[in-house]
Amino acid sequence: QLQVVESGGNLVQPGGSLRLSCAVSGFTQDYYAIGWFRQASGKEREGVSCIFGGNETDARTYYPDSPDSMKGRITISRDNAKNIVYLQMDNLNLEDTAVYYCAADESISISTAKAMCWMMRGFGSWGRGTQVTVSS
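What comes next is a walk through the structure.

1. Section: the state of the cysteines
Tallied over the entire structure, the rule returns two disulfides. Here C22 pairs with C102 through a disulfide, and the sulfurs are 2.0 Å apart. Judged by the sign of its S-S torsion, about -80 degrees, the bond between C22 and C102 is left-handed. On the criterion of sequence distance, the pair formed by C22 in strand 3 (residues 18-25) and C102 in strand 9 (residues 98-107) is long-range, its members being 80 residues apart. Bridging C50 to C117, the disulfide has an S-S length of 1.9 Å. Taking the sign of the S-S torsion, -65 degrees for the link of C50 and C117, the bridge is left-handed. Of this pair, C50 sits in strand 5 (residues 46-54) while C117 is found in helix 1 (residues 110-119), placing the two residues 67 residues apart along the sequence. No difference in accessibility class separates C50 from C117, as the two residues are buried.

Given below as structure tokens:
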């Protein structure tokens, strides 16, 4: 099982930016899928973005249709050397307040990794979350 640790959550003013980090270790297979989710108080968890790839396959990113409110304001990326996935969030607003979770999984198939991202489900390893609070 992969080990997943998020960091970077903080209190930020509306209009501000944050970069969350997700360190993943324990990979043994060729392909990976790593996704960011968030859960606001009293609401269901929702997928935010995802990145998948492999040792010899370029990383590809995926942004689900929802939350629509985050489109254009977030960027997911991966530092392959450090095995860290970043979620850059800009122009934050009050509705972005939530616990942000990173989830990861690996596969022997790039198709499976892609499917996990496209469906934003099926991840076997989750971090404990990092709190993002947007407030003036």
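2. Some thoughts on the nonpolar core
Formed by 26 residues in total, the largest nonpolar core has its most connected members in C22, I34, W36, L87, M89 and Y100. The set of elements that each furnish at least two residues to this core consists of strand 3, strand 4 (31-39), strand 5, strand 7 (74-79), strand 8 (84-89), strand 9 and strand 11 (130-134). Excluding its chain neighbours within four sequence positions, the residues that come into contact with L87 are L18, R19, L20, W36, V48, S49, I74, T75, I76 and Y100. The next biggest cluster of nonpolar side chains, apart from the first, holds 11 residues, and it includes A33, Y62, A103 and C117.

3. Considering the layout of surface pockets
Each pocket or cavity is described by its volume, and for the largest pocket that value is around 150 Å³. If you trace the largest pocket, you find it lined by R38, Q39, A40, K43, E44, E46, E95 and T97. Split by residue class, the lining of the largest pocket holds one nonpolar, two polar and five charged.

4. Considerations on unusual backbone geometry
The residue N91 is not glycine, and still its phi comes out positive at about 50 degrees. By the secondary structure assignment, N91 is in the loop between strand 8 and strand 9. For N91, a relative accessible area of 49% gives the class partly exposed. Residues other than glycine seldom take positive phi values, yet M120 does so here, at roughly 50 degrees.

5. So, the packing of aromatic side chains
The final tally for this structure, using the stated rule, is four aromatic pairs. Where F37 meets F123, the ring centres are 5.7 Å apart and the plane angle is 80 degrees; that geometry is what we call edge-to-face. In this pair, F37 sits in strand 4 while F123 sits in the loop between helix 1 and strand 10 (125-126), placing the two residues 86 residues apart along the sequence. Judged by relative accessible area, F37 falls into the buried class, the value being 4%. For F123, a relative accessible area of 8% corresponds to the buried category. Each member of the aromatic cluster is reached from another via a ring pair, and the members are F37, F123 and W126. In this structure, R19 packs its charged tip against the face of Y86, placed 4.0 Å from the ring centre. Over the ring of F37 we find R45; its NZ or CZ atom is 5.5 Å from the centre of that ring.

The rules behind the values
Residues numbered from 1 in each chain as written. Predicted model: local features only at pLDDT ≥ 70, side-chain atom pairs only at ≥ 80, totals over all residues. Heavy atoms only, no water. Disulfide = S-S within 2.5 Å. Helix = DSSP H or I, 4+ residues; strand = E, 2+ residues; numbered from the N terminus. Buried < 20%, exposed > 50% of the residue type's maximum accessible area, 1.4 Å probe, protein only. Core = buried A, V, L, I, M, F, W, Y, C linked by side-chain atoms within 4.5 Å. Contact = heavy atoms within 4.5 Å. 1 Å grid on protein atoms, 1.4 Å probe; cavity = no way out; pocket = protein on both sides within 12 Å on 5 of 7 lines; lining within 4 Å. Points joined across faces, edges and corners; volume = space filled by probe spheres on them. Nonpolar A, V, L, I, M, F, W, Y, C, P; charged D, E, K, R; others polar. Phe/Tyr/Trp six-rings, centres within 6.5 Å; stacked < 30°, edge-to-face > 60°. Lys NZ or Arg CZ within 6 Å of the ring centre and 35° of its normal.

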